[in-house]
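One-letter residues, chain by chain:
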Amino acid sequence: MVSLALTGCGAGASDSGADAKGQSAARPAEGAADQGYESDKAAGSGAPDAKNPSAPAQGQQQHIIRTAELSVEVEDATKALATARRVTENAGGHVANEATERIDDAHVTSRIVLRVPQASYESVLGELAGTGKLLSRKADSKDVTEQVVDVESRIASQRASVDRVRKLMDQATKLSDVVTLEGELSRRQADLESLLAQQASLKDRTTLATITLELHEKETAKPAETEDRPGFLDALAGGWNALVAAVTWIGIVLAALAPWLAVALVGFLVWRYVVRRRRAARRPATGPAAEEQPASSD
């Protein structure tokens, strides 16, 4: 019995969701989660325009997400940043993110993300662009009216489905039925919370426009370096330094070659001693003994 009832609940929720999607405007569900979410409905048939089916129905509020990116060159990034904050606060917005960086100790760059009400979007853009020299501007708008209506209808259907499961829990008498219904209720409540989160995100993005402002300080030209010609003392000092460096390197080279030179000198002395002894051994005997030898007769 419980499974049949849950099947009926699911079918009823699907049919209710499909019917709500087909309507041009859905009545927002009552509850604390929907407080402050505007979905104005005007009296009338509310049928969409036949020539433009994608256009919002007559009397239906249009929901648009607006974003913009500005790049401005300024004389003083700190002052321009303060101006951007003041303009945003005066318009009823707030600063969402800010990053400032000093480059080469010469100039500062800042990137700030601003959230401003849709009604003040154009005026704030104009004031921010006037803080300096506008380098680039990019604006984008996206119509999410159909998505907003779809989420609203799905929330209404899901709430009705959750209420039906709760009524079944009140009527259940078996423990197994209660456990089954609790699991089903948890799943449907999770789906409802997901839809409510989507609704809150859409409300935030359609209520407040997002402006990303980049501020760049103008790079100042570095002064030309004056050419200094060396004088007599500079040349003398340079020559002396070169001489000292040369002598130092020669001393280093000789110190490195000293062991090798010592070994070569010892080798040369040994070689010379051996060669002299061989020459002395090969030299013919001279003296009185050679003179006493008889001369050969003819």
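Everything numeric here is computed off the predicted structure, so don't read it as measured data.

**Q** Whenever I open this one, the packing of helix α4 (residues 145–171) against helix α5 (residues 175–207) confuses me. Can you help?
**A** For any two helices packed against each other, the geometry comes down to the angle between their axes and how far apart the axes lie. The geometry of α4 relative to α5 is characterised by a closest axis approach of 9 Å and an angle of 160° between their N-to-C directions. One finds that α4 runs roughly antiparallel with respect to α5. Here α4 runs over α5; the crossing is left-handed. When its residues are assigned to classes, the contact of α4 with α5 shows 13 nonpolar, six polar and eight charged.

**Q** Which parts of the structure should I look at to understand the pattern of salt bridges?
**A** Side chains bearing opposite charge may pair, as long as their charged atoms lie close to each other. One pass over the structure, following the stated rule, counts eight salt bridges. For Glu 98, the salt bridge is made with Arg 85, and the minimal N-O distance between the two is 2.7 Å. Here Arg 85 lies in helix α2 (residues 77–90) and Glu 98 lies in strand β2 (residues 94–103), a separation of 13 residues in the sequence. Two residues, Arg 137 and Glu 122, come together in a salt bridge whose shortest N-O distance is 4.0 Å. Of this pair, Arg 137 sits in strand β4 (residues 133–143) while Glu 122 sits in helix α3 (residues 121–129), and the two are 15 residues apart along the sequence.

**Q** Please explain the sheet that holds strand β1 (residues 64–74) as it appears in this structure.
**A** Backbone hydrogen bonds are what pair the strands of a sheet, in a parallel or an antiparallel way. Within the open sheet, the five strands sit side by side as β2-β3-β5-β1-β4. Their pairing is mixed. The sheet is open, and its two edges are formed by β2 and β4, each paired on a single side. Shown here is a sheet whose adjacent strand axes are inclined to one another by a mean of 10°, direction ignored. As judged from the nine bridges shared by strand β3 (residues 107–117) and strand β5 (residues 208–217), these two strands associate in the antiparallel manner. Bridge pairing in β5 links Arg 115 to Thr 210. Contacting β1, β2, β3 and β5, α2 crosses the sheet at an angle of about 5° to β3. Here α3 sits on the sheet and contacts β1, β3, β4 and β5; the angle it forms with β1, its principal contact strand, is near 10°.

Calculation notes
Residues numbered from 1 in each chain as written. Predicted model: local features only at pLDDT ≥ 70, side-chain atom pairs only at ≥ 80, totals over all residues. Heavy atoms only, no water. Axes fitted to C-alpha atoms, helices over the stretch in contact; angles between N-to-C directions. Helix = DSSP H or I, 4+ residues; strand = E, 2+ residues; numbered from the N terminus. Parallel < 35°, antiparallel > 145°, perpendicular 65-115°, else oblique. Left-handed = near helix turned anticlockwise from the far one by under 90°. Nonpolar A, V, L, I, M, F, W, Y, C, P; charged D, E, K, R; others polar. Salt bridge = Lys/Arg side-chain N within 4 Å of Asp/Glu carboxyl O. Pairing = 2+ DSSP bridges. Contact = heavy atoms within 4.5 Å.

All we've got here are geometric facts, nothing functional implied.
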